[in-house]
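Spelled out from the first residue to the last, the chains are:
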Amino acid sequence: MDFIRSWIIPPLIGAIIGYFTNWLAIKMLFRPYKEIRIGGIKVPFTPGILPRERERLAESLGDTVAQELLTPKVITDRIHSPQIQKTAAKAVSIAIKGFLDQDAERLFLMRHSEQISSEDAEAALEDSAAGSSLAHQIIESLRRLVASADIQTAIQHIFAEFITRLGRLKFQSLVSKQQFVAGIMKAAGSIGSQSVDSDIVHVQSTDSENESGYSRLRPILAALLQLPPDATIRVATDSLVPSAYALFLPELKQFLRSMEFRSRLEVEGRSFVKRALDRLGPVQRLFVSLAGYETRISQSMPETIEDLIKTIELLLDDPEVPERLAEAACATIVSRRAKTGPASTAASMQRENIASAIGQSLKESSDELKLRAERVYDDIADLSLEELAGGRMNAEDISGFVLSAFVRAIDSEKEISSSTIGTLFIDVLKESAKGKTIAEFFGIQEQDIEQISYTLANALLQLIETRMPLLVEAMDIRGMVAERIDSLDMKEVERIVLQVVSHELAWITWLGGILGAMIGFIQSLIALL
């Protein structure tokens, strides 16, 4: 009995006390959940430590997570891991494949009734409601984006800058000498290749009652010739004809003074005199022969030719000649434009024959044409596109026109004519897209998708990496953790903590019991002394 009282009871009581105090201390971390008052007096240690310091604990834990655990560097290092890159590429690939497997025609469907069937409209609405039509969402997002005036202004400025920089490029940076020469040779080879029969059929199929004299020309050329008013043609001929005449006159005089032409005139002059004498009667010819007129005329033929050439030159130098030529040119163009009636098949064939002759001449002179094309390229290679165009491009006007056409083409909220360029272009795309997926329409293969996915995933991760500090700051990890902890019920907090450290807390409780038993045993030893 003394043994039990001396050596068993003290360690047992110490173990029970140590176990109970540790268990109670752990429980007091969480409980009671609320403050307890008796007679208006607050019971000490209520509520528990964690409920009492809940707000401070949440802020402290948020600071620890934000500053030590989820820092921009930690997240960036994680992004560089092969697993993250592989997962991102796979996610992008799935999204791209889901988009490319859709019906390509849906990309070009308009919402107004004239350009979409009721079945297509119903299907589009179903896709929109289900949120499964990625193509529909992309088109709608693009429409809303382009509808913004600020976006339109930004796009116009960007496109204008592109056109400006394009105009500064050297011609040789866009087209190589080989490409330029090959293009010239190909164009020359195509001249005169059109069959005469096709041109004749075109002429005969034209309405004879309304056909203009110029309608046998190419439609665009005929339209251009019919466009200017008569006064404009008068100004053009008055300006161009005298200038062309002044350029041509020295060459014409040189031709008149050439020995070949003079010899030809002398031969024709003697032949003319001979024919005139042959028309005389016998008696008249006798007197002419006796007087030696024929011999004298032949001997003086060079002087006669010289007088004739001088007379022609005087006529050519007359200031009224180019004026009269300009009047004749203007009258011819105006009168021909005013004429109506069937086109001349003979004239059409003549034009075709001229084109064929020019084409054949170019083919026979292909070596010379190639050399000339190379020399022309050398002359213009160092010139910019603006210099080739003869002036600075109006980039703002060009970009504004292109943007307005694009906006009208994709703006589904406005009724637009089916004859607009943008709508016609979309109609052609719709026809080409029938029965095809988006991948088939653009000719995208499986390996292309993988490459695109890898490239987009890397670009996305690099973008996230460069903006990581801003993203982390915007996410406010500290506030997010604090708000989450503060929103949890204390029972839930207790459950989460105990779920993580229940094993460790159990050992702490048992450690209290062990230490209490050891203290009781030490007390028994002290009692023996």
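Structure's up top.
Not measured: the values here are computed from a predicted model.

Draft legend 1. Structural view of the packing of aromatic side chains. One pass over the full model with this rule turns up eight aromatic pairs. Measuring from ring centre to ring centre gives 4.8 Å for Phe255 and Phe261, while their planes differ by 45°; the resulting arrangement is tilted. Both rings, one in Phe441 and one in Phe442, keep their centres 4.9 Å apart while their planes meet at 85°; by these two values the pair is edge-to-face. Following the ring pairs from residue to residue traces out a cluster consisting of Phe171, Phe180 and Tyr377.

Draft legend 2. Representation of the pattern of salt bridges in the model. Applying the stated rule across the entire model yields 19 salt bridges. Glu53 is the partner of Arg56 in a salt bridge, and the nearest nitrogen-oxygen pair spans 3.0 Å. With a shortest N-O distance of 2.9 Å, Lys177 and Asp378 are connected by a salt bridge. Here Lys177 is found in helix H10 (residues 177-190), whereas its partner Asp378 is found in helix H20 (residues 366-380), with 201 residues between them in sequence. Residue class for Asp378 comes out partly exposed when judged on its relative accessible area of 43%. Among the charged side chains, a network of salt bridges with common partners joins Arg257, Arg262, Glu306 and Glu313.

Draft legend 3. Structural detail: unusual backbone geometry. Going from Arg31 to Pro32, the amide bond is cis rather than trans, its omega being -5°. In this fold, Pro32 is placed in the loop between helix H1 (2-30) and strand S1 (37-38). Here the phi dihedral of Asp476 falls at roughly 55°; this positive angle occurs in a residue that is not glycine. Among the structural elements, Asp476 can be located in the loop between helix H26 (468-475) and helix H27 (477-487). Relative accessible area serves as the criterion here: at 40%, Asp476 is assigned to the partly exposed category.

Draft legend 4. Quick look at helix H3 (residues 54-69). Regarding H3, the residues found buried are Arg54, Ala58, Gly62 and Val65. The arc enclosing the buried residues of H3, seen along the axis, measures out at 75°, which places them on a common side. Turned more than 90 degrees away from the buried face of H3, the exposed residues are Arg56, Gln67 and Glu68.

Rules used throughout
- Residues numbered from 1 in each chain as written.
- Predicted model: local features only at pLDDT ≥ 70, side-chain atom pairs only at ≥ 80, totals over all residues.
- Heavy atoms only, no water.
- Phe/Tyr/Trp six-rings, centres within 6.5 Å; stacked < 30°, edge-to-face > 60°.
- Salt bridge = Lys/Arg side-chain N within 4 Å of Asp/Glu carboxyl O.
- Helix = DSSP H or I, 4+ residues; strand = E, 2+ residues; numbered from the N terminus.
- Buried < 20%, exposed > 50% of the residue type's maximum accessible area, 1.4 Å probe, protein only.
- Arc of directions from axis to C-beta.

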